[in-house]
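Here's the letter readout for the chains.
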There are 2 protein chains.
Amino acid sequence: MDAFADDARVLAGGSEGAAALRSLTGVVFDALEAGAARRGGPLPSGGPAAVAERVRAVLGESRDGRAAGVLPEEGTGAVEALSSLVGLAAEGAADPADPLCAAHLHCPPLAVAAAADLSASVLNPSMDSWDQAPAASELEASVCRALAGLLYGGRGGVDGGPDALVTTGGTESNQLGVLLAREASGPGVRVVCGANAHHSVPRAAWLLGLPEPVRVPAPRGVLEPAGLRGALESLGARAPGAPVLVVATAGTTDTGAIDPLDGLADVVREFDVRSRSGGGGGVRLHVDAAYGGMLLFSGGLRARLSGLERADSVTLDLHKLGWQPVAAGLFAVPDGRALRPLDHRADYLNADDDTAAGLPDLLGRSLRTTRRPDVLKVAVTLRALGRAGVGALVDRTCGVASRLAALVEADPRLELFGPPALSTVLFRPVGADAEAVAAVRRRLLGEGRAVLGRAAVSREGGGAAEGAGCGGLWLKATLLNPHAGEGDLRALLGLVLDALPSSAVRDAAGPVPAASARPLSASRSGTPPPPRVPAAPVPPSAPSAAAGPANVITPVTASSSARSPRS
Amino acid sequence: MDAFADDARVLAGGSEGAAALRSLTGVVFDALEAGAARRGGPLPSGGPAAVAERVRAVLGESRDGRAAGVLPEEGTGAVEALSSLVGLAAEGAADPADPLCAAHLHCPPLAVAAAADLSASVLNPSMDSWDQAPAASELEASVCRALAGLLYGGRGGVDGGPDALVTTGGTESNQLGVLLAREASGPGVRVVCGANAHHSVPRAAWLLGLPEPVRVPAPRGVLEPAGLRGALESLGARAPGAPVLVVATAGTTDTGAIDPLDGLADVVREFDVRSRSGGGGGVRLHVDAAYGGMLLFSGGLRARLSGLERADSVTLDLHKLGWQPVAAGLFAVPDGRALRPLDHRADYLNADDDTAAGLPDLLGRSLRTTRRPDVLKVAVTLRALGRAGVGALVDRTCGVASRLAALVEADPRLELFGPPALSTVLFRPVGADAEAVAAVRRRLLGEGRAVLGRAAVSREGGGAAEGAGCGGLWLKATLLNPHAGEGDLRALLGLVLDALPSSAVRDAAGPVPAASARPLSASRSGTPPPPRVPAAPVPPSAPSAAAGPANVITPVTASSSARSPRS
């Protein structure tokens, strides 16, 4: 440990900085490893109360918040602070690199991307003016044009060619889509989206002062052209000529479903022509492809996005199926000139005479001002892996989901929602009602064994049911780890079966009494429940061609081996 | 170099990840050092065209964008990609750790903060649900309450106590301030701010669908109570009872000026009482303390913020005077319940039964959904340095600004705008008109010698004049490097004098012909101009008590030594 490491005032840049950082990042890695070892599984056990207690203990904070805690009067030095707090963060992480952590669109980043991201923190360019980020801003422009070109075809970089902005993620990108529609069409614009659309779509309308979107029922989990047609006709009758923004989804959070984009684009075009020929405000299309958009990299799968290139704007996240650390969002348009409503002046950042003298004007490339160069890690990843390498990871990850679906299908104790459209698999123990499903998820969380998500959908009902009480609740495995193996998947299913309240274990024909499944106390009290007696063994089901020998799921008990499926 | 380093598919987490990252971060540090050595100064020379050419060369991109460039079909591997692109970013950086890089609120991050930030990229917790960020979300809650408590007094952590949200920066925080006012008072709320307010204030009103703010003239660079009173009276006459949000500033971008907060809070309170007693919508106060708010850490300087604690909400940035890598914004309120209008439901993230079972609901803590744990580096920094250590850095940095101001004042060739309120010093060569000032800045940028900002203000005129043409243009040194020494400051002033177009070098009494100062071709063409003949030596001025021997500024020529002032 060199002398710099304990001087917390050393800057990251300059000659001293690199030396200090070589030493301090060593401390970080040690802390990450030690924390992960203490955790010993995909997430800490004991639930929120236990984690909060542990955080307070490390911070030296009293329960009532009176002790110095997180803001002491005198510092402890760089090494101690990194050791204790990075160790705490690692010990208390839900680690997306663990195959049993599969709840959300919360990806395990690539090491190369995380390493590149470090240089953003060290150099600290800010993307709001050229003189804070000379090369980073140029690199961003290249990446944005290349990715927009991959999406819209042709080549970026020419005036009027495809372009994109870097965002904090799908929520901001969807907001930009709605904002550009408002700026193009005025505050009378109506947003029309499927019941399956992401919550950020109505939130964007709220933020921007627009009326509540028209939600089109999505009985099969997608926005269908016929449903959209009906909604547009009905809206046209109520508010003739009102401008409309249709928001479609390529990869829902709940199921990964991709709306039939070509069919929707046909309807949008038809109504746009009709509206404009009648002097109306027209109809535009924004596609939220935050999750599914990365299929663009896959030669085999990109056809599933057919029609995406017809959208007026597209949301894309590289921190989902792109293995980037958060944030790595994009907002793409077929013609960069569409971004001009975001142009903005601040004399200290883009004075007219500076712009005239050749200093690039960057302020219109975001709603933020100061802005981290999130593009740097993306650029490094694209160069390191190439289009083919990223595409192979996408293929592999979707393959992991197919394999999990096959394992579920082959097990008579489990019910599969349907074949995965992307990398999300919904399933549940046969006959488990909403309460039991929710309890299984919370039990696995509370015991620190697995992180699974939940989705309130029904096969015949709307894409986003009202809540867990409707009986349409499923466990959701959002698979984003391309390296998850069959053993990991079997372990995950075994944990689910094992966590099912024993009163809910029944033969596949009989109903589960609603009163029998209760949320576990673990997630309330922080005290893990006592180890459970494993569920009674269930005979293997008939082999399935798709699943091979996958039909035998070994129930996993609450022993330590259950928390280290790869060991 | 171990075998992992070239496998670009290795994840950052898990056991393989740490090993790969130890190796890959070594590649990053090598690339940072090599890039900085190639740069050889505070920013690359040659201006935007030269930087763009260099980026294209490294990317292997043709000028027309046709070559594979940033998105090759096959990857080059992790080591090559990190070496080339991190090296490129470093070579083409405007490095805030170089004391000659002092244009913007663009701070040199602390090594300890950058190292901590790496763990955010590796662990990749997302702050929108507990099961993606168990410990990180708990740590965030502690930091937010502690910082809000530092600002508002009392202690955070109790229901109804001070609280804060983590944001991407001042722009988002100001947007939240306006949004909460809109949600509390309806879309009829009028924003009233000084002419010195940050551009993000009117931008927030635009974004949120509100009318253009009322801009109160700020002839002395601050919003004054009398001016506010007049504006509120006039608005009350035009729109009786309309709810109002007053936005004040603690540390303007242009000059660092701090509005008289206590006096403004008095006026706000008076008009709020008057409005409400008449059945009106009331008057609220938001303070944009993105820059100045960090004086809270300084025992000696925090009195300058007197009245800040009376604001209904406050913007604070730790990536300005807090030495954090971007982003580290905060939005603080005296009572956490004021944040409830941001509450939001998405069944997959915060279902009612999960919340009832004890899983924390995090979705209302941001307008974003997926969200990087920017708080981690802040927590580590606060612990490493303590309140006193951060305060000492604030004091030291403001001291650097005072020293620069003294050096300017002592030099008869230079004119000082006024004593610095924070760490911003405005100055210019005596008699230099706006064109000459702008040209000096661009010349230093184009030659890669120094990064200085510009501010269009006049001593008696408005805080934000209309542009550079008004004659009120100053060079702006925003000093954020606490370790800048007197030699650095002298070098900076010497570079300015040296860069002045020779036709603009005149005795302090005569005017500079307007036509003599032109933007340099360097920033347009990318070709650095030929080395200049140093300006004629100017005799040392009379010694000044404040400046001691500082009155002799050595003009620095275009030799390589000019680009390495610390060597």
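In the block above lies the structure referred to throughout.
Residues numbered from 1 in each chain as written. Chains lettered and ligands numbered in written order. Predicted model: local features only at pLDDT ≥ 70, side-chain atom pairs only at ≥ 80, totals over all residues. Heavy atoms only, no water.

**Some points on the interface of chain B and chain A**
Working step 1: Listed per partner, the contact involves 165 residues of chain B and 165 residues of chain A.
Working step 2: Approximately 13,900 Å² of surface area, both sides summed, lies buried where chain B meets chain A, with 62% of it carried by carbon and sulfur atoms.
Working step 3: When the area that chain B buries against chain A is broken down by residue, the three leading residues are R203, Y348 and R383 of chain B, summing to 7%.
Working step 4: Scanning the region where chain B abuts chain A turns up 22 salt bridges.
Working step 5: With a closest N to O distance of 3.0 Å, D353 of chain B and R442 of chain A form a salt bridge.
Working step 6: Of all the elements, helix α1 (residues 14-39) of chain B adds the most residues to the side of chain B that touches chain A, at 13 residues.
Working step 7: In the side of chain B that touches chain A, the residues fall into 92 nonpolar, 38 polar and 35 charged. (Contact = heavy atoms within 4.5 Å. Buried area = accessible area lost by both parts, 1.4 Å probe. Salt bridge = Lys/Arg side-chain N within 4 Å of Asp/Glu carboxyl O. Helix = DSSP H or I, 4+ residues; strand = E, 2+ residues; numbered from the N terminus. Nonpolar A, V, L, I, M, F, W, Y, C, P; charged D, E, K, R; others polar.)

**Quick word on the sheet that holds strand β6 (residues 283-289) of chain B**
Hydrogen bonding along the main chain pairs the strands of a sheet, whether they run parallel or antiparallel.
Residues and elements named next belong to chain B.
Working step 1: Overall, mixed pairing links the seven strands, which are arranged β2-β8-β7-β6-β5-β3-β4 in an open sheet. What marks the edges here is a single partner per strand, and that holds for β2 (163-167) and β4 (214-216). Averaged over all pairs of adjacent strands, the angle between strand axes in this sheet comes to 20°, irrespective of strand direction.
Working step 2: Looking at chain direction, β6 and strand β7 (residues 313-317) are connected through four bridges and run parallel. Within β7, the position partnered with V287 by the bridge is V314. (Pairing = 2+ DSSP bridges. Axes fitted to C-alpha atoms, helices over the stretch in contact; angles between N-to-C directions.)

**Let's talk about the relation of the copies chain B and chain A**
Working step 1: With an RMSD of 0.0 Å, the fit of chain B onto chain A corresponds to turning through 180° and sliding 0.0 Å along the axis. Here the copies are linked by what is in effect a two-fold axis.
Working step 2: An overlap of 100% is found between the interface residues of chain B and their copies at the interface of chain A, pointing to a shared contact surface. (Least-squares fit on C-alpha atoms with pLDDT ≥ 70 in both.)

**Describing the sheet that holds strand β5 (residues 244-249) of chain A**
All names here are of chain A.
Working step 1: What the seven strands build is an open sheet, ordered β2-β8-β7-β6-β5-β3-β4; its pairing is mixed. On the outer flanks of this sheet lie β2 (163-167) and β4 (214-216), each paired with one strand and no other. Taking the axes of each pair of neighbouring strands and ignoring which way they run, one obtains an average angle of 20° across the sheet.
Working step 2: The strands touched by helix α9 (residues 261-277) within the sheet are β5 and β6 (283-289), with β6 carrying the most contacts at an inclination of about 155°.

**Description of the packing of aromatic side chains**
For any pair of aromatic rings, the description rests on two quantities: the centre-to-centre distance and the angle between the ring planes.
All names here are of chain A.
Working step 1: Counted under the stated rule, the structure contains two aromatic pairs over all chains.
Working step 2: Ring geometry for F417 against W474: centres 5.2 Å apart, planes inclined by 80°, an arrangement best described as edge-to-face. You can see F417 sitting in the loop between β9 (414-416) and β10 (424-429) and its partner W474 sitting in strand β12 (residues 473-478), a full 57 residues away along the chain.
Working step 3: Over the ring of F271 we find R274; its NZ or CZ atom is 4.3 Å from the centre of that ring.
Working step 4: R428 extends its terminal NZ or CZ atom over the ring of W474, reaching a point 3.7 Å from the ring centre. (Phe/Tyr/Trp six-rings, centres within 6.5 Å; stacked < 30°, edge-to-face > 60°. Lys NZ or Arg CZ within 6 Å of the ring centre and 35° of its normal.)

**A closer look at the pattern of salt bridges**
Working step 1: Summed over all chains, the structure comprises 83 salt bridges over all chains.
Working step 2: A salt bridge links R387 of chain B to E73 of chain A; its shortest N-O distance comes to 2.4 Å. You can see R387 of chain B sitting in helix α12 (residues 375-410) and its partner E73 of chain A sitting in the loop between α2 (47-59) and α3 (78-91), one on each of two chains.
Working step 3: Its relative accessible area of 41% is what places E73 of chain A among the partly exposed residues.
Working step 4: A salt bridge links R454 of chain B to D353 of chain A; its shortest N-O distance comes to 2.8 Å. One end of the pair, R454 of chain B, is in strand β11 (residues 451-456); the other, D353 of chain A, is in helix α11 (residues 352-356), on a second chain. (Buried < 20%, exposed > 50% of the residue type's maximum accessible area, 1.4 Å probe, protein only.)

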